[in-house]
Every structure is written in C-alpha cells, then in structure tokens.
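# Structural overview for review
The residues making up each chain are set out below.
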Amino acid sequence: MAVRISIRTADYDVEGQMAQQSTPPQWSTGKSPLRHGDVPFRAGTVALASAVVLLVFAVAWMLYTSSQEARTAFGWDLLFGSTWNPVETELNPVSFGGWPAVRGTLLSALIALIIAAPLAVAIGIYLAELCPPVLRTPLSFLVELLAAVPSVIYGVWGVFVFVPFFSSAVAEPLSATVGAIVPWFAGPIATGRGLIVTGIILALMILPTIASLTRDVLRLVPNTQREAMLAIGATRWETIWLAVIPYSRAGIIGAIMLGLGRALGETMAATMLVGNTQRISESLFAPATTAASLVANELTNSVSSLHESALISVAFALFGITLFLNFGARLLIWFVERNTRGGRS
Amino acid sequence: MERAMTLTRGIGFGELVGQRVKTGQLATVDANKIELRNFGFHYGSFQAIRNVSMSMPAHRVTAIIGPSGCGKSTLLRSINRMHDATEGARAEGELRLDGINVYDPSVDSVLLRRRVGMVFQRPNPFQLSIFENVAYGLRVLGIRNRTTLAERVEQSLRRAALWDEVKDRLHSSFGTALSGGQQQRLCIARAIATNPEVILMDEPCSALDPIASLKIEDLIYDLREQFTIIIVTHNMQQAARVSDITAFMLMNREKRYGELIESGPTDELFTKPSDKRTEDYISGQFG
C-alpha cells in the first residue's frame, strides 16, 4: 500500500507536469503477478492441441510405413486390383487387390447417404421448426439415444430381423422382376447379405447423427429471419424453405458430411451384414465387402507379413478416402458460406 | 416532401405544433382502418396488455409511445398476428381491420400479413442480393414474370428512397452488406413491395444513427399517403415529428399489465394531455 501511494505522488512534479519515473510502477514492469496463471494454462492448451495434430500424423506415418512392403510388391493394384488371395495355391498365386473393399465402402456409404440425408434433414426440420414444444424434448432425446446405440446392436438387429424381412419382402420380388433388366438388382438372393442391406442399416445409424446436428444448426437461425419471412405473408413452409434452410445450408452440409464419415468407417455392422466376399458382383443384393470389414476380419489371423501389410494398405486407403472427403466437405462448406453469408459488394 | 423536411429538422414541440397537421391536404380521409375494442393479450398466464380501445385512421401515422415493458410492441404485433407461433399466446376482445376481427377463426394469418406488412426493430434483410431481398415477397405472392419483378423492385426501392444508392449493384451486392440505415430502408422496400394496406413499424430507428433515423422519418411521412402506418417508438420527439395520432401506454404497477392511458391527435396529446400520467411522461418526469 505504502509503495503505491509513493508512486502516485511521484507521478507529478511541482508544476503539475509528468515527472520521469526513476523506478517504473508495478503495472508497467511487464511482470504482473496476475498473469502467472496464464503461462501454464497457455502451455497446457497448446500442448494438448498439438497432440491432436501429432496423433493424425502418427497414424498416417504408421499406416504408411507398415504398408510399405505390400505397396512395393503390388503398387496401385492394391487399390484397383480385384483379386484378393492371401494363400498361394497351385492355381492362384498370392495377390492383394483392394478394389472390392474400396468399392464396397464407397457404395454402401453412398446408399446410406442417399437414404439417410433427406430423411434426417426432414427429421431435423421437424424437431427444430414444426414439433410442438411438448414433444420436442422427448423426441430429441430419443433421436440422440439412437445415435448412442452401439453398432453391434444395429448389426444384430440387421442380421436377425431386417435381412430376413428384406430378402423376402423386397429383394426376391425385385430381383425376379426388375432384376432381369437392371443388373444392380439381379438375383439370386442367397444369404440376403450384401451392399444394399449394409447401406440401409448404415443409413439408420447415421440418421440420428445428421438429424440432431441439423436440428442444432436450424435452432441457431435468428428468429428475425423467420419473422421477416412471415411478415411478407409467407406460409410456415415457405418460411422454412426460403429463409431458414438457406441460412443454415452450410451447417446442414456439415452434418451430412459427418454422417458420411461415420458410414465410411463403420466396421462392426458392416462386417455382420455385408457378406464378406472378395468377389465383385454388379448386383447390390450379392455379398460383398468393405474396407473396414476386410481389415477387421483378416488382420488378426493374417497368414504372412505381406498379407498384414496389404491389409494395412487397405486401411491406409480408407484413411485417405475419409481425409479426402472431409477436405472436400470443408471446401464445399466454405464455398456455400462465401455465397450466402459474405458481404460481397 | 418539403414539408416533411422542415418537420424533421431538429425542432421543438411548440414550433412543431405551429406548422404541422395540415390534415385537410391529405387525399383521402376515410374511416378508421383499425379499431380495437377492449383488446387484451396474454402469454400463458401473463397478461401483457389489457382493455385497449382505440382507433387508427387510414392514411395516417399512428404512434404508440410509452416506457419499456408497457406492451406497445405486443400491441403492434397483435395487429398482424406475429404471435401466432408463440406458445400460449392468446388475444381477447376485438381488433378489427376494415371491420373484420383479425382474431376471428375464419381469418387466415398468412393472408392477413399480406395486407399488413411489418418493419422490425433491427434491420433483418435476407442473405441474398439487394434485388432478391425485395423480390422475395413478390415471389411468395406468386409473381414470376421477370419484367414485372424488376419493375416492382425498382418502384419499391424508389419509394423507400434507396434506389439511387443501390441501383448499380442490385444483383452483385448482398442486402446484409449495406449500412444499417440502408438495410432498414431495404426492409421498408421489402415491406411495401407486396403492396400492403398497413405497415407496422416496431421501433424502426432504434438501431440507427440520427441521420439514418431522419431519413426513415421522412420516408414514413411520405409513405402515409399510400399506407396506413403504425409505429412503436421510444422516442417522443420522433412520435411528435412523424405521427398524426399518438397513443400513450403504461404498465399498470399493481396489476402488472400494460394499458392504454390515452390516444388522440398528436398535437393535442403533446400540448394538452388529458391525463396527468401522460403529462408526466412527455415532460420527462418518469419513464
């Protein structure tokens, strides 16, 4: 206390002009005691944030080095070759072509997205805009609960309930009629497992993710935008379609992309439903495989180091696909935002 | 226009009253556009306003003044039923537009709002081009013809005194990129594009600087020839400058609801208010 008073009086000389400080006051020494906490806090958060970046690079590096052996042996065939034969026989040499897995991953995720995105966005719109307030909380809770159900449970439900139903009610009649002309729906329906059932179950799994994110994004739209639309005589539907959705377009795309990411990487449900065969069939009803399920199925009982390396290459490809799609999604969001938010003048 | 300009040039009440309300000059003096009879409004168990009875004549500017929380915005928003989506919102009594109670079950609120436009406290343009901001209302009405749209947009922007400032960048510039005052005039253009009969303004100048506010006030004064304007304002000078009729509302301190203290021609209300509370308020004794 005494120190501060002496500084105050020393601030001015007799004429009332600023006096030169012989010793600077505490607040200008650059060593404020208040900021001691900031240093470890900053260091801690910086360290944790860089750990995330390091982790991504560590994973990529591990995938890169461990897949070296297979990549030097097979090159691009690992991605685009279609024969997968880990064990050498008299007729077939060892070969690792990951195309069936890559194709299966992309197709099943695409089917999931086509089914889930419109439904989930509609659910999000209902929850955010149209749902009576009494129902909003319980319904939102249920949707979030669906997102939390472990994938093995979706898999079990798919195997025992959905696949038998789908085979008899949809796949068989469809393959018997349309299947004769369109090879995508060709028979025979053996086990019922294949890309289309995988895609449908994946759709169910990503539906709650997209729906709840869409709802959150729509709730962020300022009420003034809705009121502006209502005040010019728009109906509820026009208000949602012309004011609310355009405002949150970027966020909705982000939600869909997050769902896509989940569909691409989903392992357990895909393994249980996809049929796990390395043969490529044009029919979506035929058994197939996905990258994630191939790695999960074979890595634990790989027969050689080359086999293991080839599986890691497939994992590497999956890593690349998700990275690439996420990057594309960022670009798309950036583009949409620039065209809706910005102040181009 | 000249008259409007002289009115908005920083003048006191006395001066104002001396030269204003040349009512006879206005083209049409027809019946009351809006009439309220014992009108009240509730949000759930909370009664926001109660027992309001007044008339708002056609082709006049009616100002609703009063301190915060007295229910003036609620009253304004009841006229075009903006509260419809609010849970528990409910009206009582009568609010007649051209003799029809707007809370009658037979009234479609969407069609009502096409006759009663609104300008909000904060400018709320859409994140679209300047042109689309004005054209949106017309598209909602089902107008698709490009020439018609272009004509109506130009006409509305001219009437909102914004045309000259934006005519070169109608399509290249976003409505949200304009200055606050321009955004508010854009919102006025959007409101008048659909050709409503009544325009409600909820403190349209409260987010604007004094110069932008004066422009809006001039505009309001001009627009009353075509529209019936109801404006809510905190600013008593503004009410005195732009309005023909003023209604003063106050929160009833014991019963916690807003009520109408008095309403009447603006010059009378400001010079010889009939209620002591009005006099206290306009002379700045409270509120």
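Criteria and thresholds
Residues numbered from 1 in each chain as written. Chains lettered and ligands numbered in written order. Predicted model: local features only at pLDDT ≥ 70, side-chain atom pairs only at ≥ 80, totals over all residues. Helix = DSSP H or I, 4+ residues; strand = E, 2+ residues; numbered from the N terminus. Buried ≥ 20, exposed ≤ 12 C-beta atoms within 10 Å, placed from the backbone. Contact = placed C-beta atoms within 7 Å. Rg over C-alpha atoms; globule rule 2.2 N^0.38 Å. Domains from an automatic or database assignment. Nonpolar A, V, L, I, M, F, W, Y, C, P; charged D, E, K, R; others polar. Axes fitted to C-alpha atoms, helices over the stretch in contact; angles between N-to-C directions. Parallel < 35°, antiparallel > 145°, perpendicular 65-115°, else oblique. Left-handed = near helix turned anticlockwise from the far one by under 90°. Pairing = 2+ DSSP bridges. pLDDT = per-residue confidence, 0-100. Expected span 1.5 Å × (residues − 1). Bend = angle between axes of the 7 residues up to and from the residue.

## A short note on the overall build of chain B
- Check the secondary structure of chain B and you find 12 helices and 10 strands.
- With 287 residues in all, chain B has 47% of them scored as buried.
- If you take every contact in chain B between residues at least 6 apart in sequence, the share linking residues at least 24 apart comes to 70%.

## Here we look at the overall build of chain A
- Counting secondary structure elements, chain A contains 14 helices and two strands.
- Its C-alpha atoms give chain A a radius of gyration of 29 Å, clearly above 20 Å, the size a compact globule of 345 residues would have.
- Projected onto its principal axes, the C-alpha coordinates of chain A cover approximately 105 × 65 × 40 Å.
- For chain A, the residues scored as buried account for 35% of the 345 residues in total.

## Focus: the domain arrangement of chain A
Residues and elements named next belong to chain A.
- The domain boundaries assigned to chain A delineate domain 1 (36–66) and domain 2 (100–339).
- For domain 1 versus domain 2, the distance between C-alpha centres works out to 31 Å.
- If you look at the interface, domain 1 gives four residues, while domain 2 gives five residues.

## Structural notes on the interface of chain B and chain A
- Taken residue by residue, the interface counts 25 residues in chain B and 22 residues in chain A.
- Elements with a minimum of two residues in the side of chain B that touches chain A: α4 (109–115), β6 (116–119) and α5 (130–140) of chain B.
- Taken together, the residues that form the side of chain B that touches chain A break down as 10 nonpolar, nine polar and six charged.

## Regarding the packing of α5(B) against helix α6 (residues 146–159) of chain B
All names here are of chain B.
- The N-to-C vectors of α5 and α6 enclose an angle of 115 degrees; their axes lie 9 Å apart at closest approach. On the basis of the axis angle, α5 is roughly perpendicular to α6. You can see that α5 and α6 cross each other, and the crossing is right-handed. Where α5 abuts α6, its residues Phe131, Val134, Ala135 and Leu138 lie against Leu149, Arg152, Val153, Ser156 and Leu157.
- Classifying every residue of the contact of α5 with α6 gives seven nonpolar, one polar and one charged.

## Thoughts on unusual backbone geometry
All names here are of chain B.
- Look at Asn51: it is not a glycine, yet its phi comes out positive at around 55 degrees.
- Mapping Asn51 onto the fold places it in strand β2 (residues 46–57).
- You will see that Arg81, though not glycine, has its phi angle at about 55 degrees, which is positive.

## Some thoughts on the pairing of strand β9 (residues 245–251) of chain B
Residue and element names in this part refer to chain B.
- With six of seven residues buried, β9 lies mostly within the body of the structure.
- Bridge count for strand β3 (residues 61–65) against β9 is four bridges, and the pairing is parallel. Looking at the pairing, Thr62 lines up with Ile245 of β9.
- With seven bridges connecting them, β9 and strand β10 (residues 258–265) associate as antiparallel partners. Looking at β10, one finds that Met251 is bridged to Gly258.
- Hairpin connection from β9 to β10: six residues lie between these consecutive antiparallel strands, with Arg256 at a positive phi of about 60 degrees.

## Observations concerning the packing of helix α9 (residues 223–231) of chain A against helix α10 (residues 236–247) of chain A
Residue and element names in this part refer to chain A.
- Direction vectors running N to C along α9 and α10 enclose 150 degrees, while the axes themselves pass 9 Å from each other. In this structure, α9 meets α10 at a crossing whose hand is right-handed. For the pair formed by α9 and α10, the contact residues are Gln225, Arg226, Ala228, Met229 and Leu230 on the first element and Glu238, Thr239, Leu242, Ala243, Val244 and Tyr247 on the second.
- Across the contact of α9 with α10, the residue classes break down as seven nonpolar, two polar and two charged.

## Details of the confidence of the model for chain B
- When pLDDT is averaged along chain B, the result is 85; 89% of the residues meet or exceed 70.
- Among the scores for the predicted complex, ipTM is 0.82 and pTM is 0.79.

## Some details on the confidence of the model for chain A
- Looking at chain A as a whole, its pLDDT mean stands at 86, while 91% of the residues score no less than 70.
- Scored below 50 in pLDDT, residues 1–7 of chain A makes one contact in the model with residues more than four places away or belonging to other chains.

## With respect to helix α8 (residues 195–219) of chain A
Residue and element names in this part refer to chain A.
- For α8, which comprises 25 residues, the first-to-last C-alpha distance of 35 Å matches the rise-based estimate of 36 Å (1.5 Å per residue) to within 8%.
- The axis of α8 is deflected most strongly, by about 35 degrees, at Ile206, and proline Pro208 appears within four residues downstream.
- Of all 25 residues making up α8, 22 are buried, and the element is well covered by its neighbours.

## Some points on the environment of A:Leu332
Residue and element names in this part refer to chain A.
- Mapping Leu332 onto the fold places it in helix α14 (residues 305–340).
- Under the C-beta neighbour-count criterion, Leu332 is labelled partly exposed, with 15 such atoms within 10 Å.
- Taking the C-alpha atoms as reference, Leu332 lies 54 Å from Pro25; in sequence the two are 307 residues apart.

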